[in-house]
Amino acid sequence: MRFLTVLTDRRFLLTVLLALGWLLLVRAGVILQSGVWPSPVGTIGGDLAGAFILAVLLTITRGPFRFALVLLLGCAAYVAGMHLTAHGTLFQLAFAGKGMDPTFITGSLINVYLFLLPLYLVLAWGLHRAHRALIPDPPRGFCSLTVSAAVVVAVYSLSFPSLTTPANNVVASVFAQIPGTIVNPVGTAIGDEAVETDETLTSKTNFFHQQVTSRPDTTKPNVLLIMIEGLSGGYFPSISQYHDLQPTVVLEHLEDTLANKGFRLYRNTLSMERQTDRGTFAILCGRYPDFRRPSRKMLDVVEERTSPDCLPSKLKDHGYHTAYWQAAPIEYMKKDEFMPKAGFVDVTGAERFVSAENDVGEAGPKGSDGTDASETAEGWGPPDPVYFRDVTGRLTELNRDTSPWFVTLLNVGTHHPFDIGEEAEQDTGTQAGEALMESAEAALIEPQRARRAAMKVMEKTLGEFLDRLEAEGILENTLVILTSDESGGFVREDHETLPLNSNLGVLAVRPPDLADLERYAPATALTAQLDIPMTILDATGNGKHAGDMVGRSLLVTDDRQPRDIMLADTYTGLKYFLRESGQLLSCTEMLTRCTSWSFDPRRVFGSFRETEEPPFLSLEERLALFENAATPDPIEE
């Protein structure tokens, strides 16, 4: 009786209404901040659950605990809006540790959107004052209230396939994530020695498929691998129209540039995971990325717990000069240690772009025309005009003195908070102070404007970069592959109903001899990031050295054996099992619940249909496959 008495107390019910009103106000704020509209049905249920949980917190907290609650509410609302703006989802509680990294703080947290933090804190303080004024004497019943809140959290957890999609309530989402974060920090049962891959599973699935042509190639072309931060294939008009998508960004000029230069743009490319280190590992090492919450595969290489035998190492062993030039700080994600172990000889990051004024007696980076390409590297690193001007000069010099070479590039201008740099701002006639004010206003009026502006600057500078390479004759003996480290999403107005929203990747290929495109798979072929290293090995005549890599070379056009592919979205926690025949399982983070989908293999992202078919893999099989994908290759002694 005491239980019902507390829950039906007029004061508690009024607190629930107050909490609901506050959460709806926050909901409106994050929609304005991000431009992401959630699913109405899920939103109603999520906000009601969040209101109940918040009402319990308001009722049982006092003194320093209430101060902590106000602080956490304001910060959580701000971070939720920022994460929705950047990634289209709420934040994963398990990644809170990343927020403590100095590079992440200066790159993503300290930006033009920071002015919203005090606004959310004031809003949270207003909730506290309103509650104290309306309910000066809250009802007693700590045990009853906490037990009921725990029940609501449990029901909420079972009601949402993902706890971070836009329809989720920020308060309910945080509390629903706590048990999994504490009890199972890796996100799945991966690592359980009782879960093993047996011969039956191996015979009926093909998730670790490898296929190359192994044709000898004595020409040894140079290889340029361009990774564009957060670029989605859906941003190209022909692909978005092909799949009937509604992307936030449209890059028609870049698509025209690629077509004019002779690139083949693939329409059904799968991006394996979110976050740069996961996608980069798959692209460079031909293995599945780390599907667990903490991405450890690069760290395992750095700490010599595994030796993956990556693409750069294989090419280096066969006479290639290998270089990895990124714009972001090279120490972030331990790339300064990982890249040399992966086989790169020349490794640089944002430190190269620090203004020469800070390095007395040293010259800053130069463009291919000899002009100064330096600009003080702040936050994540130099903007794209500075970065691409510098690597143009370096490539020109490398091509003149060394052959063959394999160079991998990764920009950072299209990474949140989408800094286009002073040069691009001056091109638009906007001064720095005016740009800051306009950016702050645009964050509320047009929340995705910064993303579009950054992508447009990248579009222009990448086009100029390719023009310069063509003028220098570098393209004449260079295999160029354009891809992205991860797919930035924002390709559908509905961010939740259909699967693989943030897995539509980019793959465009240009061989040295354009006539050789006839040897490559057609543009409608289903491709994945895993296919990139296999293609490079095949095109350089080293396909027979693929070792244990997973993937299929684009040069395989005959006898393309059907395969299965695992992929995931770490920001939603969803994990996927895809069969090229046209089947997809979309599973919760713990792999316990799955939804079956069908699709047209020639039009993957535009043909999803939910089905009533039972999962084609059992829970034990799903766990075994993900454990196998997560298991590192042992060090050979």
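The structure presented is a predicted model; accordingly, all values stated were derived computationally and were not measured. Residue positions within a chain follow its written sequence, with the count starting from 1. It should be noted that, the model being predicted, local features are given only for residues of pLDDT at least 70 and side-chain atom pairs only at 80 or more, the latter also being counted only at that level, while totals for whole chains, interfaces and linings use all residues. Excluding hydrogens and water, the side-chain values take into account all heavy atoms of the structure.

Chemist: Now, about the overall build of the chain: what can you tell me, with residues and values included?
Modeler: A tally of regular secondary structure across the chain gives 21 helices and 16 strands. We call a residue buried when its accessible area falls under 20% of the maximum for its residue type, exposed when it is over 50%, and partly exposed in between, using a 1.4 Å probe and counting protein chains only. Considering the chain as a whole, with its 637 residues, one finds that 57% of them fall into the buried category. Exposure was quantified through the Shrake-Rupley algorithm and a 1.4 Å probe, taking into account, for residues, occlusion by the shown protein chains and nothing else. Carbon and sulfur atoms make up 57% of the accessible area of the chain, which amounts to about 25700 Å² in all. A run of DSSP states H or I qualifies as a helix once it reaches four residues; a run of E qualifies as a strand once it reaches two. Both are numbered from the N-terminal end.

Chemist: Now, about the pairing of strand E12 (residues 564-569): what can you tell me, with residues and values included?
Modeler: Taking burial as the measure, the six residues of E12 include six buried ones, the bulk of the element. In textbook terms, the turn of a hairpin is the stretch between consecutive antiparallel strands, and for E12 and strand E13 (residues 574-579) this stretch comprises four residues, one of which, Gly 573, has a positive phi near 85°. Here the rule is simple: two strands pair whenever DSSP picks up at least two bridges between them.

Chemist: Now, about the sheet that holds E12: what can you tell me, with residues and values included?
Modeler: Taken in spatial order, the five strands line up as E12-E13-E14-E15-E16 in an open sheet, and their pairing is antiparallel. In this open sheet, the two strands that pair with only one neighbour each are E12 and strand E16 (609-610). With five bridges joining them, strand E14 (residues 583-587) and strand E15 (residues 594-598) adopt antiparallel strand pairing. Across the sheet, residue Gln 583 finds its bridge partner in E15, namely Ser 598.

Chemist: Tell me about the state of the cysteines, and please be specific about residues and values.
Modeler: What counts as a disulfide here is a pair of cysteine sulfur atoms lying within 2.5 Å. The full count for this structure, using the stated rule, is two disulfides. Disulfide pairing is shown between Cys 285 and Cys 310; the S-S distance is 2.0 Å. The sign of the 80° torsion about the S-S bond sets the Cys 285-Cys 310 disulfide as right-handed. Residue Cys 285 is found in helix H12 (residues 276-285), and its partner Cys 310 is found in the loop between helix H13 (297-302) and helix H14 (311-317); the two are separated by 25 residues along the sequence. The pair Cys 285 / Cys 310 is uniform in exposure class, with both members buried. Here the chain pairs its bonded cysteines, counted in sequence order, in the arrangement 1-2, 3-4.

Chemist: Requested: an account of the pattern of salt bridges, with residues and values cited.
Modeler: What makes a salt bridge here is a side-chain nitrogen of Lys or Arg within 4 Å of a carboxyl oxygen of Asp or Glu, nothing more. Scanning all chains against the criterion turns up 26 salt bridges. Between Arg 27 and Asp 47 there is a salt bridge; the shortest N-O distance is 2.8 Å. Note that Arg 27 is positioned in helix H2 (residues 10-34) and Asp 47 in helix H3 (residues 40-60), a separation of 20 residues in sequence. As far as burial versus exposure is concerned, Arg 27 and Asp 47 are alike and both buried. With a closest N to O distance of 3.9 Å, Lys 334 and Glu 337 form a salt bridge.

Chemist: An account of the packing of H2 against helix H4 (residues 63-87) is requested, with residue identities and associated values reported.
Modeler: At a closest axis distance of 8 Å, the pairing of H2 and H4 adopts a crossing angle of 35°. As H2 packs across H4, the resulting crossing turns out to be right-handed. Here Trp 22, Val 26, Val 30, Gln 33 and Ser 34 of H2 lie close against H4, whose contacting residues are Leu 73, Ala 77, Tyr 78, Gly 81, Met 82, Leu 84 and Thr 85. Axes, fitted as lines to C-alpha atoms, cover a helix only where it is in contact. Angles between the N-to-C directions of the axes lie from 0 to 180 degrees. What makes a crossing left-handed is the near helix being turned counterclockwise from the far one by less than a right angle; a clockwise turn instead makes it right-handed. Contacts are residue-level and defined by heavy atoms, with any inter-residue pair within 4.5 Å sufficient.

Chemist: Go over the sheet that holds strand E6 (residues 346-348) with me, naming the residues and quoting the values.
Modeler: The pairing of strands in a sheet happens through backbone hydrogen bonds and is either parallel or antiparallel. Overall, mixed pairing links the seven strands, which are arranged E3-E9-E8-E2-E7-E5-E6 in an open sheet. The sheet terminates laterally at strand E3 (264-265) and E6, the two strands that pair on one side only. Pairing geometry for E3 and strand E9 (residues 507-510), over two bridges, is antiparallel. Counterpart to Arg 264 in the pairing with E9 is Val 509. Running at roughly 175° to strand E7 (residues 405-410), helix H16 (residues 384-401) makes contact with strand E2 (222-227), strand E5 (321-326), E6 and E7 of the sheet. Lying on the sheet, helix H20 (residues 531-539) is in contact with E2, E7, strand E8 (478-483) and E9; it crosses E8 at an angle near 175°.

Chemist: Let's hear about the packing of H12 against helix H15 (residues 335-342): which residues, and what values?
Modeler: Running from amino to carboxyl end, H12 crosses H15 at an angle of 10°, the nearest separation of the two axes being 12 Å. It follows from the interaxial angle that H12 and H15 lie roughly parallel. Note on element contacts: H15 touches H12 through Lys 335, Phe 338 and Met 339, opposite Thr 276, Thr 280, Phe 281, Leu 284 and Cys 285. Each residue gets one label: Ala, Val, Leu, Ile, Met, Phe, Trp, Tyr, Cys and Pro are nonpolar, Asp, Glu, Lys and Arg are charged, and the others, such as Gly, are polar. Here the residues of the contact of H12 with H15 sort into five nonpolar, two polar and one charged. Roughly parallel here means an angle under 35 degrees, roughly antiparallel means over 145, roughly perpendicular means 65 to 115, and every remaining angle is called oblique.

Chemist: How would you sum up the packing of aromatic side chains? Please name residues and give values.
Modeler: When two rings of Phe, Tyr or Trp (its six-membered ring) have centres within 6.5 Å they constitute a pair, described as stacked for plane angles under 30 degrees, edge-to-face for angles over 60, and tilted for the intermediate range. Counted according to the given criterion, the structure contains 16 aromatic pairs. Judged by centre distance (6.2 Å) and plane angle (40°), the rings of Phe 281 and Phe 338 are tilted. One end of the pair, Phe 281, is in helix H12; the other, Phe 338, is in helix H15, and 57 residues separate them in sequence. Here Phe 281 falls in the buried class, since its relative accessible area comes to 6%. A relative accessible area of 0% means that Phe 338 is categorised as buried. The interplanar angle of 50° and the centroid separation of 5.5 Å between the aromatic rings of Tyr 324 and Phe 344 together place this pair among those described as tilted. Of this pair, Tyr 324 sits in strand E5 while Phe 344 is found in the loop between H15 and E6, placing the two residues 20 residues apart along the sequence. Each member of the pair, Tyr 324 as well as Phe 344, carries the same accessibility label: buried. Grouping aromatic residues by their ring pairs yields a cluster made of Phe 207, Phe 208, Tyr 288, Phe 291, Phe 577 and Phe 626. Lysine and arginine charges are scored as sitting over a ring when NZ or CZ, respectively, is within 6 Å of the ring centre and within 35 degrees of the ring normal. Over the aromatic face of Trp 325 sits the side chain of Arg 394, whose NZ or CZ is 4.1 Å from the ring centroid.

Chemist: Can you break down the pairing of E13 residue by residue, with the values?
Modeler: Burial of E13 is extensive: six of the six residues sit out of reach of the surface. Side chains of E13 alternate between two faces, with Leu 574, Tyr 576 and Leu 578 and Lys 575, Phe 577 and Arg 579 buried alike. Pairing analysis gives six bridges linking E12 to E13, with the strands arranged antiparallel. Considered in E13, the bridge of Asp 569 is made with Leu 574. Note: E13 against E14, five bridges, orientation antiparallel.

Chemist: Describe the side chain of Thr 570, naming the residues involved and giving the relevant values.
Modeler: Considering the arrangement of structural elements, one finds Thr 570 in the loop between E12 and E13. Assessed through its relative accessible area of 7%, Thr 570 is described here as buried. Not counting the four nearest positions on each side in its chain, Thr 570 is found in contact with Gln 92, Phe 95, Glu 273, Arg 274, Gln 275 and Arg 278.

Chemist: Can you explain a nonpolar patch on the surface? Please cite residues and give values.
Modeler: Nonpolar side chains (Val, Leu, Ile, Met, Phe, Trp, Tyr) are joined into patches within 5 Å and like charges within 9 Å, using only residues with over 30% relative accessible area and no salt bridge. A cluster of nonpolar residues, Phe 3, Leu 4, Val 147, Val 151 and Val 155, forms a patch on the protein surface that exposes about 430 Å² of accessible area. Mapped onto the nonpolar patch, the elements with two or more residues apiece are helix H1 (2-7) and helix H7 (142-159). Counting through the fold element by element, Phe 3 comes out in helix H1.

Chemist: Help me get a handle on helix H21 (residues 619-630), residues and values and all.
Modeler: Multiplying one less than the number of residues by 1.5 Å gives the expected span of a helix. Spanning 12 residues, H21 covers 17 Å between terminal C-alpha atoms, matching the ideal 16 Å at 1.5 Å per step. Residues of H21 that are buried: Glu 621, Arg 622, Leu 623, Ala 624, Leu 625, Phe 626, Glu 627, Ala 629 and Ala 630.

Chemist: Got a sec to walk through the environment of Ala 327? Specific residues and values, please.
Modeler: With respect to the secondary-structure elements, Ala 327 resides in the loop between E5 and H15. In this structure, the C-alpha to C-alpha distance between Ala 327 and Tyr 387, residues 60 residues apart in sequence, is 6.4 Å.

Chemist: Give me unusual backbone geometry: which residues, what numbers.
Modeler: Looking along the chain, the bond that leaves Ser 403 and enters Pro 404 is cis, with omega of -5°. Inspection of the secondary structure puts Pro 404 in the loop between H16 and E7. Following His 416, the chain continues into Pro 417 via a peptide bond in cis, with omega recorded as 15°. The backbone of Lys 334 sits at a positive phi, close to 65°, despite the residue not being glycine. Residues other than glycine seldom take positive phi values, yet Asp 559 does so here, at roughly 55°. Secondary-structure assignment places Asp 559 in the loop between strand E11 (551-552) and E12. Overall, the relative accessible area of 59% leaves Asp 559 in the exposed class.

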